[in-house]
Amino acid sequence: MGVTSKLLNLYRVDQQLSGLKRKLKAAERYLNAQSAQRDALQQQAETLKSQLRQLEASAHNDEQEVNSMEERMLTLRDRANTAQTSKEHTALLTELNTVKADKTLIEERGLGRLTEIDSLRTALAEVEAQIEQRGKVVEVAKKDRDERETEIRDRVEELEQKREAARAEVPAAALALYEERQNVASDDEEVMAAIEELSRKDMEYTCGACYTIVPAELTNRLLQRGDLSQCGKCHAILYIEDGLRDEIQTAADKKRAKNATAQSR
Ligand SMILES: [Zn+2]
């Protein structure tokens, strides 16, 4: 078996493995996205709670201030009623009016705070409902991920053993190249690609990954099971499907036989 075929055995196992794991990975990505959304909502709830605590404390302070102002007003009123002089009476009434005006301001501010507290509570209740809902989605996503993992576990184990066996057959240099390709190839790039026939007569073949014409020299090397060939453009390691190789060789044999017959006549 040529080096390309040995590598192809490994590649096919790798493809089966990544195909199996693809669904699991998708389930994992979904789970992570849902968990992240729930965490963000929880963060939002924490922020709302702390704003609420601050406002409630301020409202409480206002309330106490209003109480002490009311007490102060009662005292001032009593003293005004029992004032000895009209000057003292006027001064006490002026102070009483000042305290009253201040109290009104604080009461207005308090009303504003109460409205704010109400809307924060409404917002918090909404966020908490969303957290609960998202939590259910996360649970379902987690269950789905676990199920997929269990579903493929045996098959993955089996394939991983197969992979080890296939990997052991590949010469070190070819394996190094293959693993380097696996590392550098992006998701939409192929590590290996079959060559595709454009014209058998003109020996025109293209890389199955990027459709660049493969030089005839590389095609011949593949046909003869020689060294590894890489596409000059996308660097995929090229291979030829057995069926196509057989067809090309049968056609070449026939042509040779025909030529030989023609010459012998
Ligand atoms: Zn290519």
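What this report covers is the structure whose coordinates are included nearby. The model shown is predicted, which means the values in this text are computed figures rather than measured ones.

Analysis parameters
- All residue numbers refer to positions counted from 1 along the written sequence of the respective chain.
- Only residues with pLDDT of at least 70 are given local features in this predicted model, and only at 80 or more are side-chain atom pairs given and counted; all residues enter the totals for whole chains, interfaces and linings.
- As a rule here, side-chain values cover all heavy atoms of the structure and leave hydrogens and water aside.
- Each metal's donors are the N, O and S atoms within 2.8 Å of it, or within 3.2 Å when it is Na, K or Ca, and because water is not part of the set, sites may look incomplete.
- Any site counts as irregular unless it has four donors with all angles between 85 and 135 degrees, making it tetrahedral, or four or six donors with opposite ones more than 155 degrees apart and the rest between 65 and 115, making it square planar or octahedral.
- Segments assigned H or I by DSSP are reported as helices when at least four residues long, segments assigned E as strands when at least two residues long, and all are numbered from the N terminus.
- Two strands form a pair only when DSSP identifies at least two bridges running between them.
- Here, two residues are considered to be in contact whenever any of their heavy atoms come within 4.5 Å of each other.
- Only the stretch in contact is used when a helix axis is fitted, and all axes are lines through C-alpha atoms; the angle between N-to-C directions ranges over 0 to 180 degrees.
- The span expected for a helix works out to 1.5 Å for each residue beyond the first.
- Partly exposed describes any residue whose relative accessible area lies between the buried limit of under 20% and the exposed limit of over 50%, with all areas from a 1.4 Å probe on protein chains only and scaled to the type maximum.
- The directions from the helix axis to the C-beta atoms form the arc being described.
- Stacked, tilted and edge-to-face are the three classes applied to pairs of Phe, Tyr and Trp rings, where Trp contributes its six-membered ring and a pair requires centres within 6.5 Å; stacked means planes under 30 degrees apart, edge-to-face means over 60, and tilted covers the rest.
- The definition of a nonpolar core used throughout is a set of buried Ala, Val, Leu, Ile, Met, Phe, Trp, Tyr and Cys residues joined through side-chain atoms within 4.5 Å.

Structural notes on the coordination of the zinc ion
Thinking step 1. All of the protein donors around the zinc ion are C207 (SG), C210 (SG), C231 (SG) and C234 (SG); their distances to the metal are 2.3 Å.
Thinking step 2. If you look at the zinc ion, its four donor atoms make angles of 102 to 113 degrees with each other, and the shape they trace is tetrahedral.
Thinking step 3. For the zinc ion, the donor residues sit on a single chain with the sequence spacing C-x2-C-x20-C-x2-C. Of this pair, C210 sits in the loop between β2 (204-207) and β3 (213-214) while C231 sits in the loop between β4 (229-230) and β5 (237-239); the two residues are 21 residues apart in sequence, bridging distant segments of the chain.

Remarks on the sheet that holds β2
Thinking step 1. Across the sheet, which stays open at both edges, the five strands sit in the order β3-β2-β1-β5-β4 with mixed pairing between neighbours. Edge positions in the sheet fall to β3 and β4, since each of these pairs with one other strand and no more.
Thinking step 2. Packed on one face of the sheet, helix α3 (residues 172-184) meets β1 (192-199), β4 and β5 and runs near 115 degrees to β5.

Observations concerning α3
Thinking step 1. The end-to-end C-alpha separation of α3 is 18 Å, in line with the 18 Å expected for 13 residues at 1.5 Å each.
Thinking step 2. The set of residues buried in α3 consists of A174, L175, Y178 and R181. Viewed end-on, α3 has its buried residues packed into an arc of 125 degrees, placing them on one side of the element. Of the exposed residues in α3, the ones pointing more than 90 degrees away from its buried face are A172, A173, N183 and V184.
Thinking step 3. Looking at the packing, one finds that the buried side of α3 touches α1 (3-81), α2 (86-169), β1, β4 and β5.

Side note on the packing of aromatic side chains
Thinking step 1. One pass over the full model with this rule turns up one aromatic pair.
Thinking step 2. For the pair Y11 and Y178, a centre-to-centre distance of 6.5 Å together with 85 degrees between the ring planes defines the contact as edge-to-face. Within this pair, whereas Y11 is found in helix α1, its partner Y178 is found in helix α3, the two being separated by 167 residues in sequence. No difference in accessibility class separates Y11 from Y178, as the two residues are buried.

Topic: the nonpolar core
Thinking step 1. Membership of the largest hydrophobic core comes to 17 residues, with the highest contact counts inside it found for L7, L10, Y178 and M192.
Thinking step 2. Within the residue set of this core, elements represented by two or more residues are α1, α3, β1 and β5.
Thinking step 3. Looking at which element gives the most residues to this core, the answer is α1, with five residues.
Thinking step 4. Those residues within four positions of Y178 in sequence are excluded, and the remaining contacts are L7, L10, Y11, D14, R163, V191, M192 and I237.
Thinking step 5. Counting 15 residues, the second-largest nonpolar core is a separate cluster that includes A193, I195, Y205 and C234.

Re the pairing of β2
Thinking step 1. Of the pairings in the sheet, the one linking β1 to β2 comprises four bridges and is antiparallel in character. Pairing of E197 across the sheet is with Y205, part of β2.
Thinking step 2. Turn length for the β1-β2 hairpin, with the two strands adjacent in sequence and antiparallel, is four residues, and the turn residue M203 shows positive phi of about 55 degrees.
Thinking step 3. Here β2 runs beside β3; their pairing, made up of two bridges, is antiparallel. Its bridge partner being in β3, Y205 is matched across the sheet by V214.

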